[in-house]
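Overview (structure and organization)
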Amino acid sequence: MHSKQQSVAQLFYRSLYNNTHGLLKQRMRELVPVKQALLRDVRKRYGSKEVCKVTVDQAIGGMRNVFALFYDASLLDAKTGITMRDYNIPELQEYLQKGENGHEPLPEALFWLLCTGDFPSEQEFADVQQEWKQRGQLDSQTQHFILSLPKTAHPMTMLSQTLLYLQKDSLFQQVYDQGKVSKPQYWEYFYEDAMNLLAKIPRVAALIYRHKYKNGEIISADESLDWAGNYAHMLGYKKFEVRECLRGYLSIHADHEGGNVSAHTTHLVGSALADPYLSYSAGVNGLAGPLHGLANQEVLKWLLEMRDELGENISNEKIQDYVLTTIREGKVIPGYGHAVLRYTDPRFIHQKDFAARHIKDDPLVDLVRQCYHVIPPVLKTIGKIQNPWPNVDAHSGVLLYHYGMREFQYYTVVFAVSRALGCMANLIWSRAFGLPIERPGSITMRWIEEKFGENQNLK
Ligand code: HAX
């Protein structure tokens, strides 16, 4: 135990002081006191202002439009969709460093932006990329752990389990256990854990894929590739379009403000000072719900079932009937609707445009396009649905399917690799801001009756 603690401490010391590839950490060290002061000032000036009122309906109805979270890296607007550090999806595509054909953004650059609020210079970008390569190696025990997981498990369960397995390497947990860290330093250890987790997660995810679907035949990393390109390579996809697809995919799914299940869960668990591995494992479990990230696997399932039942070249009328039948069966139309958005998700548009540029003559991609025109008017007729338009999950799976990834249970893992970027950037800042443990209040039916009702005797 003692020697393990020593080696952890040495590792931290090395990464803290002797790491030549540490420009992001240096920048964070400059920014943290500045932003801490800004937040103190914001609280001083506006701390007592009311953000919103909360009705009983909102408390029971999943807290829609209750603005009670502070999450600085991204913001969701019902009409225009997500902005990450104030940049929307087309702007991110334009300004971030790009992959090999100069079009799709690179997630390393996005992570710098999420952490600092600035686009990285070429040197800063290369530095993050190099750092993730250095930190990303999986040791033989980790590989063995993944290759021992039961193949019957869902790949999202495997990912969550592996994050928990890696938790033994948490530097934050080690120094906290030893009583060697005080609150102002928390963020630095969260940063180290977050960077290690991000460096490793594509390799973990690729190994899960190879284990579950490809007889455990491991493909070694190609260190000449970028983070997303290398992920495509380790999954076993060699075409440049797949690398491009994943660069864009992993960038646009990275963050979606703080209230969605995966981001909120990660933030909440981290607020109890659970380290980044514990926190993100919890977030991944939330992402695995069919109303959240698992919707991308559900979309593919639904489209294929529709095609099996109705054949190729389906008419608009038949799609309309199929939608209504699905709803009559008490199911949702996966990939449509959103808790916040009220228009087409710009991430859907990004993927639709990608498909238009790269994919010709794929009947399933054409079906997604056709559904985009046919489904919203049908959903509008069902008065209760707030948003009849597609969300990101309506398109993402079909791109992977087109490129040969037919194992649609795996699709949410790709989402999880991406969402780690946003969740980790936020987690580091939550500790840097010194945010407290999150602990909202809850109410009972009796409480509601006693506060608002005439009948005070509800038991
Ligand atoms: N198909 C059928 N019914 C739908 C629907 C859809 N696509 N979207 C909403 N509804 C229903 C709801 O189930 C709800 O019905 P009840 O009142 O009977 O419970 C009613 O319409 C009102 O719901 P809402 O206010 O419009 O939507 P919510 O905020 O409650 O839920 C969801 C938002 C995303 C969960 C919902 O639209 C849905 O289930 N969509 C399909 C699943 C999906 O695509 N999820 C991915 C969302 C994006 C994401 O998080 N990705 O990770």
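Here is a short report on the structure shown in this document. (Residues numbered from 1 in each chain as written. Predicted model: local features only at pLDDT ≥ 70, side-chain atom pairs only at ≥ 80, totals over all residues. Heavy atoms only, no water.)

Points about the packing of helix α15 (residues 295-310) against helix α18 (residues 363-381)
- Packing of α15 against α18 leaves a shortest axis separation of 11 Å and a crossing angle of 100°. Taken together, α15 and α18 sit at an angle that is classed as roughly perpendicular. Along the contact surface, α15 presents Leu300, Trp302, Leu303, Leu304, Met306 and Arg307, while α18 presents Pro363, Leu364, Leu367, Val368, Cys371 and Ile375. (Axes fitted to C-alpha atoms, helices over the stretch in contact; angles between N-to-C directions. Helix = DSSP H or I, 4+ residues; strand = E, 2+ residues; numbered from the N terminus. Parallel < 35°, antiparallel > 145°, perpendicular 65-115°, else oblique. Contact = heavy atoms within 4.5 Å.)

Quick notes on the site of the ligand
- Around the ligand sit 19 residues, and of these Gly335, Tyr336, Lys384, Gln386 and Asp393 come closest.
- Contact between the ligand and Tyr336: a nitrogen atom at 2.7 Å from a main-chain N or O atom of the residue.
- For the ligand, an oxygen atom lies 2.8 Å from a polar atom in the side chain of Lys384.
- If the ligand stood free it would expose 900 Å²; the protein chains cover 75% of that surface.
- Tallied by class, residues from the shell around the ligand come to 9 nonpolar, 7 polar and 3 charged. (Near = heavy atom within 4 Å. Polar contact = N/O pair within 3.5 Å; in protein donor to acceptor, adjacent residues only side chain to side chain. Areas by Shrake-Rupley, 256 points an atom, 1.4 Å probe, with all protein chains shown as cover. Nonpolar A, V, L, I, M, F, W, Y, C, P; charged D, E, K, R; others polar.)

Looking at the sheet that holds strand β3 (residues 87-88)
- The 3 strands lie next to each other as β1-β2-β3, forming an open sheet whose pairing is antiparallel. In this open sheet, the two strands that pair with only one neighbour each are β1 (74-77) and β3.
- Of the strand pairs in this sheet, β1 and strand β2 (residues 81-84) are connected by 4 bridges, and their pairing is antiparallel. Bridge pairing in β2 links Leu76 to Ile82. (Pairing = 2+ DSSP bridges.)

Section: the pairing of β1
- Every second residue of β1 is oriented toward a common face, the buried set being Ser74 and Leu76 and the non-buried set Leu75 and Asp77.
- Between the end of β1 and the start of β2, which pair antiparallel, lie 3 residues. (Buried < 20%, exposed > 50% of the residue type's maximum accessible area, 1.4 Å probe, protein only.)

Quick notes on the pairing of β2
- Sheet topology places β2 next to β3; 2 bridges connect them, and they run antiparallel. Directly across from Thr83, in β3, lies its bridge partner Asn88.
- In this antiparallel pair of consecutive strands, β2 and β3, the connection spans 2 residues, and Arg85 shows a positive phi of 45°.

Here we look at the packing of helix α8 (residues 155-166) against helix α20 (residues 411-432)
- It is the contact of α8 with α20, at a shortest axis distance of 8 Å, that shows an interaxial angle of 35°. The segment α8 lies against α20, with Pro155, Met156 and Leu159 engaging Thr412, Val413 and Ala416.

Focus: the packing of aromatic side chains
- According to the stated counting rule, one finds 21 aromatic pairs in the structure shown.
- Measuring from centroid to centroid gives 5.5 Å for Phe111 and Trp132, while their planes differ by 50°, and the two rings are tilted. A residue pair is termed long-range when its members are at least 10 positions apart, and Phe111 in helix α5 (residues 107-116) and Trp132 in helix α6 (residues 122-135) qualify at 21 residues. The pair Phe111 / Trp132 is uniform in exposure class, with both members buried.
- By way of ring pairs, the aromatic residues Phe172, Tyr176, Tyr186 and Phe190 are connected into one cluster.
- Across the ring face of Tyr401, the terminal group of Arg406 is positioned such that the distance to the ring centre comes to 4.1 Å.
- Arg431 extends its terminal NZ or CZ atom over the ring of Phe190, reaching a point 5.3 Å from the ring centre. (Phe/Tyr/Trp six-rings, centres within 6.5 Å; stacked < 30°, edge-to-face > 60°. Lys NZ or Arg CZ within 6 Å of the ring centre and 35° of its normal.)

Quick look at the nonpolar core
- Membership of the largest hydrophobic core comes to 128 residues, with the highest contact counts inside it found for Phe111, Tyr231, Tyr280 and Tyr410.
- No other element matches helix α10 (residues 186-213), which puts 17 residues into this core.
- Sequence-distant contacts of Tyr410, defined by excluding residues within four places in its chain, comprise Pro155, Ala205, Ala206, Ile208, Tyr209, Tyr213, Tyr231, Leu235 and Met405. (Core = buried A, V, L, I, M, F, W, Y, C linked by side-chain atoms within 4.5 Å.)

Description of the side chain of Gln351
- Looking at where Gln351 falls in the secondary structure, it is placed in helix α17 (residues 346-358).
- Beyond its immediate sequence surroundings of up to four residues, Gln351 is in contact with Tyr249, Ile252, His253, Val392, His395, Ser396 and Leu399.

What to know about the pattern of salt bridges
- Under the counting rule described, the total for this entry stands at 24 salt bridges.
- In this structure, Arg27 engages Glu30 in a salt bridge whose closest nitrogen and oxygen atoms are separated by 2.7 Å. Taken together, the residues Arg27 and Glu30, both in helix α2 (residues 23-46) and 3 residues apart, mark about one turn of the helix.
- The residue Lys35 makes a salt bridge to Asp72 at a minimum N-O spacing of 3.2 Å. Here Asp72 lies in the loop between α3 (56-60) and β1 and Lys35 lies in helix α2, a separation of 37 residues in the sequence.
- Lys35 gets classed as buried once you look at its relative accessible area, which sits at 16%. (Salt bridge = Lys/Arg side-chain N within 4 Å of Asp/Glu carboxyl O.)

Here's the deal with the environment of Asp321
- Tracing the backbone through its elements, the reader meets Asp321 in helix α16 (residues 316-328).
- For Asp321, a relative accessible area of 48% translates into the label partly exposed.
- Separated by 75 residues in the primary sequence, Asp321 and Ser396 place their C-alpha atoms 24 Å from one another.

Side note on the side chain of Ser279
- By secondary structure assignment, the location of Ser279 is in helix α14 (residues 276-287).
- One polar contact links the side chain of Ser279 to the main-chain carbonyl oxygen of Ala274, over a distance of 3.0 Å.
- Among residues more than four places away in sequence, those in contact with Ser279 are Thr266, Val269, Gly270, Ala274 and Leu427.

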